[in-house]
Amino acid sequence: MKVFVAGATGVLGRAAVPRLIAAGHEVRGHARSPEKASQLRSQGAEPIEVDLFDPSSVRAAVDGCDAVVHMATHIPPMTRAWRAGAWEDNDRLRREGTPIMVDASRDAGATVFVKESVCFSYADGGDRPLDEEAPLDPDPRLESGLVAERSAVGFGDEATGRRGVALRFGLFYSHDAPSIDESLRMARLGQSPMVGAADAWQPSIHVDDAAAAIVAALGAPTGVYNVADEPVTKGQWATAFRDAFGLARATRPTPKVLLKAGRAKLGPLAASRRVSSRRFHEATGWTPKYPDATVGLKAVAAAWKEQHDG
């Protein structure tokens, strides 16, 4: 397939583009600077400039493509994530950018549309496993993601053979993700890198496994899919993070009084979500290389140390 990728130079894009090419696909990627364009060329992809909010620009970018992958995001740093205004650009990419890209892809004759999404739209499920029919969190701050999912899945049309896929990823972790450095700063101060109670469940996924899922999604039937490794509790995640990076100081979970006082702002981040990715595995055969974060974080720490020591 010829594949257009929005978000081709982000943390997930850097991992996904080489895998798409290795799988035999021809990749055209959105590049926002000469440096990003060079990055894509070095990976064997064609860089292209595009305004993701301009329908004519997007239509030209996807012209001739069989598949379109939208994983462009604008995620604020952890220190600002609790502020509603910090998510405006990311919300716009989902709420406005996704329908524009879907319409352009349909007009261009593409047959597959894949949208990156997140598992955090589920309501707190406690210890109960959550599949794709689990109740959703009514928090309005999560609505833009659901709008994007509906738009992506709406691209699908059985009569014409078009397929629309939305992937609800767990929390990304990777040695080159800014969140790792932020988590390290918090852990060194004795604060858990996880928001929420220690016994709450945290879905997550190594970026390499997420990239493999992007490739697999090109062959998936229309629908919404959870894509995460086996969830562990936030306490287990924090301990695995500390052990992987060799941090001597134990971390404290988010104080209960703070969780209670900040419920309105922290709720979407603090909830317990024990998601199941069984549907995606059955549909595509995808299985994560890193079965859970306790394994994946060891690989992340090793790569991070090699990068920084070098």
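Residues numbered from 1 in each chain as written. Predicted model: local features only at pLDDT ≥ 70, side-chain atom pairs only at ≥ 80, totals over all residues. Heavy atoms only, no water.

A word on the packing of aromatic side chains
Move 1: Summed over all chains, the structure comprises eight aromatic pairs.
Move 2: Considering the side-chain rings of F169 and F172, the 5.2 Å spacing of their centres and the 50 degrees angle between planes classify their relative orientation as tilted.
Move 3: Classification of F169 as buried rests on a relative accessible area of 0%.
Move 4: A ring pair is formed by F280 and W286, whose centres lie 5.7 Å apart and whose planes are at 55 degrees; its orientation type is tilted. As far as burial versus exposure is concerned, F280 and W286 are alike and both buried. (Phe/Tyr/Trp six-rings, centres within 6.5 Å; stacked < 30°, edge-to-face > 60°. Buried < 20%, exposed > 50% of the residue type's maximum accessible area, 1.4 Å probe, protein only.)

Digging into helix 5 (residues 143-154)
Move 1: Spanning twelve residues, helix 5 covers 16 Å between terminal C-alpha atoms, matching the ideal 16 Å at 1.5 Å per step.
Move 2: Taken residue by residue, helix 5 has S144, G145, L146, V147, A148, E149, S151 and A152 as its buried positions.
Move 3: Looking at the buried positions of helix 5, the neighbouring elements they touch are helix 4 (88-108), strand 5 (112-118), strand 7 (163-169) and strand 11 (223-227). (Helix = DSSP H or I, 4+ residues; strand = E, 2+ residues; numbered from the N terminus. Expected span 1.5 Å × (residues − 1). Contact = heavy atoms within 4.5 Å.)

A look at the sheet that holds strand 3 (residues 46-48)
Move 1: One open sheet holds the seven strands; their spatial order is 3-2-1-4-5-7-11, and the pairing between them is parallel. Across the chains shown, the open sheet's two edge strands, defined by having one partner strand only, are strand 3 and strand 11. Taking the axes of each pair of neighbouring strands and ignoring which way they run, one obtains an average angle of 20 degrees across the sheet. (Pairing = 2+ DSSP bridges. Axes fitted to C-alpha atoms, helices over the stretch in contact; angles between N-to-C directions.)

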